[in-house]
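Structure assessment
If you want the building blocks of each chain, they are given just below.
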Amino acid sequence: MLRSAGVMKAFILFLGVGTALGSLYTDPDSCRGRCEEPYSHEDECHCDVGCRSRNSCCWDYPEHCGAGEEEAHRRTAEHFSSSHNAISDEELLHVSEQLYGADHNKAQPNDITINPQHRAAPDQTGLQEDRSPEPLYAYVNEKLFSKPTYSSFIRLLDNYQRATGREEEVTAEELREQDVFLREVMETELMKKLFAFLHTKNRYGSEEEFLQDLKEMWFGLYSRGDGEKDSSGFEHVFSGEIKKGKVSGFHNWIRFYLLEKQGLVNYFSHNFDGPWDTYPDVLGLQFSWDGFYKEVGSAFIGCSPEFEFGIYTLCFIARPGRACHLSLGGHGVSIQTYTWTKSTYGHGKKYIAAAYVISP
C-alpha cells in the first residue's frame, strides 16, 4: 500500500463467501466435484484415494468417486466429478495470478494516497478507540470512477437498506443496474479469463450461463432477519449491512472512500498489512459507520470492481466453506468462503453469504 509519506504498505486479505450445491459448485461436506482433490487438513472430509485408509472420506465418496466401470461412466456424465474437472490447489494459484495480471482497470500508484496512521495491536481492535485523527484516504483520483465497471458498480451501492430485517424492494431500474454491471464486468479480460478457466472445468457451458448464475449467486435475495428478504451476497460484501448493532460485511474500498468523503465513515486504525508494494493491495482496519463499529474489516485497496468480483467468485465456486489459497503478484493470500445455507436457488444451489480475507 502506498502511504501518504511515500512508504509502501501491503496487506493480507481474506474473505467469506458461500458454499454451493447442485451441478456447479463443490460442497465441503460432499465429494461431488472433488474426486482425487489433493488432501488438505483444512477440509472437513476428503475425496482422495487415501481417504479410506485415514477414515476421512466424505459420506458420498462411494457414490461420486467409487471404483468400477459404472461409477466411472457416471462421473464422466456428471462433468466435474473427476480428477480432470476438479480444481487443484496448483490451478488456483495459477489462475489467480492470471486474474491479478489482467486487472487493467486497477489504480496506479499515483491514483491513491492513504494515511494508515495507528496500527492496532490484537488486544486493541475491540476497544472502539479512534487512534487516527485523519481520514484513511488522503487522495483518490476520481477519474477512475468514470470507467464503465466502476461507474456501474457505484450505481449499485445505494440500492440497499443497510439494516437486516427490513425487506429489500428491488425496482425495475435497480434490476437494470445489476444487468449493466454484469455486462460491463463480463466485457473485461479478467472476467473472460475466469470464465474460460471455469469452462475448461465444465462449470459452465457458455458465457450467458455464467452471467445468469453470477446474477443469482450475488444478487439473489434471502433472509438474514425474520423471514424478510433483506440481504444478498453483493449487499453484504460490497455495500455492507448493520446487524445487531454492528457493521457486518463491508469489504470494499470504493464504498469506504465514498462514505468517508461524506463524513459517514470514521477510520480508527489498521491491524495488519502485507507484502504488496502496488495496487491492488489489502488492508485490515477498524472503523465506525454512522456510529456502528467494525472491529476487524478487510478490503482490497485500489483494485477494480471486476477484480474483487472475480476473485470472490472463483473461491466461492472452487472452495466454498473452506480456505481458498491464492497467489497475487507472487505473494500468498487466503480467502475464506461461506454460503447461505437456509435457502437456495435453481436446483439446490446456494447464495453467497460473505467474502473476506483470513487475518493471520
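Please read these numbers as outputs of a predicted model, since none were measured by experiment. (Residues numbered from 1 in each chain as written. Predicted model: local features only at pLDDT ≥ 70, side-chain atom pairs only at ≥ 80, totals over all residues. Heavy atoms only, no water.)

Next up on the list: the pattern of salt bridges. Oppositely charged side chains may form a pair once their charged atoms are brought near each other. Here the structure, examined in full by the defined rule, presents 12 salt bridges. Of the charged contacts in the structure, one is a salt bridge between Lys201 and Glu91, with a shortest N-O distance of 2.7 Å. With Lys201 in the loop between helix 7 (189–200) and helix 8 (207–219) and Glu91 in helix 4 (residues 89–101), this residue pair connects regions lying 110 residues apart in the sequence. Residue classification places Glu91 among the partly exposed residues on the basis of a relative accessible area of 26%. (Salt bridge = Lys/Arg side-chain N within 4 Å of Asp/Glu carboxyl O. Helix = DSSP H or I, 4+ residues; strand = E, 2+ residues; numbered from the N terminus. Buried < 20%, exposed > 50% of the residue type's maximum accessible area, 1.4 Å probe, protein only.)

Across all of its chains, the model carries 5 disulfides by this definition. Note on cysteine connectivity: Cys35 is disulfide-linked to Cys65, with sulfurs 2.1 Å apart. An S-S torsion of about -90° defines the bridge between Cys35 and Cys65 as left-handed. With a gap of 30 residues between them, Cys35 in the segment before helix 1 (51–54) and Cys65 in helix 2 (residues 61–65) connect regions that are remote in the sequence. For the pair Cys35 and Cys65, one class covers both residues: buried. One disulfide bridge connects Cys51 with Cys57, the sulfur atoms lying 1.8 Å from each other. (Disulfide = S-S within 2.5 Å.)

Ring pairs (aromatic) are described by centroid distance and by the angle formed between their planes. Throughout the structure, instances matching the rule amount to 33 aromatic pairs. Summarising the aromatic geometry, the rings of Phe238 and Tyr312 are spaced 5.9 Å apart at their centres and angled 20° between planes, so their arrangement reads as stacked. Of the two residues, Phe238 sits in helix 9 (residues 233–239) while Tyr312 sits in helix 11 (residues 305–318), which places them 74 residues apart along the sequence. For the pair Phe238 and Tyr312, one class covers both residues: buried. Through successive ring pairs, a cluster of aromatic residues spans Tyr100, Phe153, Tyr160, Phe181, Trp218, Phe219, Phe234, Phe238, Phe300, Phe307, Phe309 and Tyr312. Taking NZ or CZ as reference, Arg162 lies 5.1 Å from the ring centre of Trp289, over its face. (Phe/Tyr/Trp six-rings, centres within 6.5 Å; stacked < 30°, edge-to-face > 60°. Lys NZ or Arg CZ within 6 Å of the ring centre and 35° of its normal.)

So, about the confidence of the model for the chain. For the chain, per-residue confidence averages 87 on the pLDDT scale, and 87% of positions sit at 70 or higher. In this model, residues 4–24 is a region of pLDDT below 50 whose contacts with residues beyond four sequence positions or in other chains number 137 contacts. (pLDDT = per-residue confidence, 0-100. Contact = heavy atoms within 4.5 Å.)

The next subject is helix 5 (residues 148–156). Turning to helix 5, its buried residues are Thr149, Tyr150, Ser151, Ser152, Phe153 and Leu156. Among the structural elements, helix 6 (172–186), helix 8, helix 9, helix 10 (253–261) and helix 11 are those in contact with the buried residues of helix 5.

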